[in-house]
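What follows is the residue order along each chain.
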Amino acid sequence: YSLVRSRSALPRLRLLCFNRRAEDILVADELAELSAAHPEQLRVFHSLSDPPAAWSGGRGRPSKEMLQARLPPPAPHVRVLWCGPPAFNSTVRELLGELGYADGMLHEFS
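To keep things clear, this report deals only with the structure shown in the data block.

Conventions used here
- Residues numbered from 1 in each chain as written.
- Predicted model: local features only at pLDDT ≥ 70, side-chain atom pairs only at ≥ 80, totals over all residues.
- Heavy atoms only, no water.
- Helix = DSSP H or I, 4+ residues; strand = E, 2+ residues; numbered from the N terminus.
- Rg over C-alpha atoms; globule rule 2.2 N^0.38 Å.
- Buried < 20%, exposed > 50% of the residue type's maximum accessible area, 1.4 Å probe, protein only.
- Contact = heavy atoms within 4.5 Å.
- Lys, Arg positive; Asp, Glu negative; His and termini not counted.
- Charge placed at Lys NZ, Arg CZ, Asp CG, Glu CD.
- Core = buried A, V, L, I, M, F, W, Y, C linked by side-chain atoms within 4.5 Å.
- Phe/Tyr/Trp six-rings, centres within 6.5 Å; stacked < 30°, edge-to-face > 60°.
- Salt bridge = Lys/Arg side-chain N within 4 Å of Asp/Glu carboxyl O.
- Arc of directions from axis to C-beta.

Check the secondary structure of the protein and you find 4 helices and 5 strands. Beginning at the N terminus, the succession of helices and strands in the protein can be written as α-β-α-β-β-α-β-α-β. A compact globule built from 110 residues should have a C-alpha radius of gyration of about 13 Å, and the protein, at 14 Å, falls within 12% of that. Counting only C-alpha atoms and orienting by the principal axes, one finds that the protein spans roughly 40 × 35 × 25 Å. Counting over 110 residues, the protein shows a buried share of 30%. Within the protein, counting contacts between residues at least 6 apart in sequence, those at least 24 apart form 63% of the total. Averaged over its 13 positive side-chain charges, the protein has a centre that lies 5 Å from the centre of its 12 negative ones.

Dropping the structure here:
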């Protein structure tokens, strides 16, 4: 919240949220408000593994194609941070490695 609302020059932030159901998304309204108010600084993408029929966001768990489409390409200045349960974290680390992100670009919160 503080990063996005800051007036100083900041890197662009991409927040990819993977949940089972829409009601599992934490602070959904606040994220939508922040990304609408600061579209150049924050983009939020939600994907559900058990979406309702009317869901217009992403569908499914993280995939190589999904990450590649929404993250900046690997570069020395790029950092990718994530958190989740152990199986999720392992999958994300493996996918990011396949996409060419070096260990120094990655940080897992567990």
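So that's the structure; there's more coming.
The next subject is the nonpolar core. Grouped together as the largest cluster of nonpolar side chains are 16 residues, with contacts concentrated most on Leu-67, Leu-71, Val-80, Trp-82, Leu-96, Tyr-101 and Leu-106. For this core, the secondary structure elements donating two or more residues are α3 (64-70), β4 (80-83) and α4 (86-98). Sorting elements by how many residues they give to this core places α4 first, with 3 residues. Once you skip the residues sitting within four places of it in the chain, Leu-71 turns out to touch Leu-16, Val-80, Leu-96 and Tyr-101.

A few words now on the packing of aromatic side chains. With the rule as written, the count across this model stands at 2 aromatic pairs. Ring plane angle 70 degrees and centroid distance 6.5 Å describe the contact between Phe-18 and Phe-45, whose orientation is recorded as edge-to-face. Taken together, the residues Phe-18 in strand β1 (residues 13-19) and Phe-45 in strand β2 (residues 42-48) connect sequence positions 27 residues apart. Assessed through its relative accessible area of 15%, Phe-45 is described here as buried. With 6.0 Å between their ring centres and 55 degrees between their planes, Phe-18 and Phe-88 make a pair best called tilted. Separated by 70 residues along the polypeptide, Phe-18 in strand β1 and Phe-88 in helix α4 bring together distant segments of the chain.

Taken as a whole and judged by the stated rule, the model has 4 salt bridges. Notably, a salt bridge pairs Arg-21 with Glu-23, separated by 3.1 Å at the nearest N-O pair. By relative accessible area, which is 32% here, Arg-21 ends up partly exposed. Residue classification places Glu-23 among the exposed residues on the basis of a relative accessible area of 60%. The shortest N-O distance in the salt bridge between Arg-93 and Asp-103 comes to 3.9 Å. Here Arg-93 is found in helix α4, whereas its partner Asp-103 is found in the loop between α4 and β5 (106-109), with 10 residues between them in sequence. Owing to a relative accessible area of 64%, Asp-103 belongs among the exposed residues under this scheme. Salt bridges sharing partners connect three or more residues here, namely Arg-21, Glu-23 and Asp-24.

On to helix α2 (residues 28-37). When α2 is considered as a whole, its buried residues turn out to be Leu-31, Leu-34 and Ser-35. All buried residues of α2 fall inside an arc of 95 degrees around its axis, so they share one side. In α2, the exposed positions angled more than 90 degrees off the buried face are occupied by Asp-29, Glu-33, Ala-36 and Ala-37.

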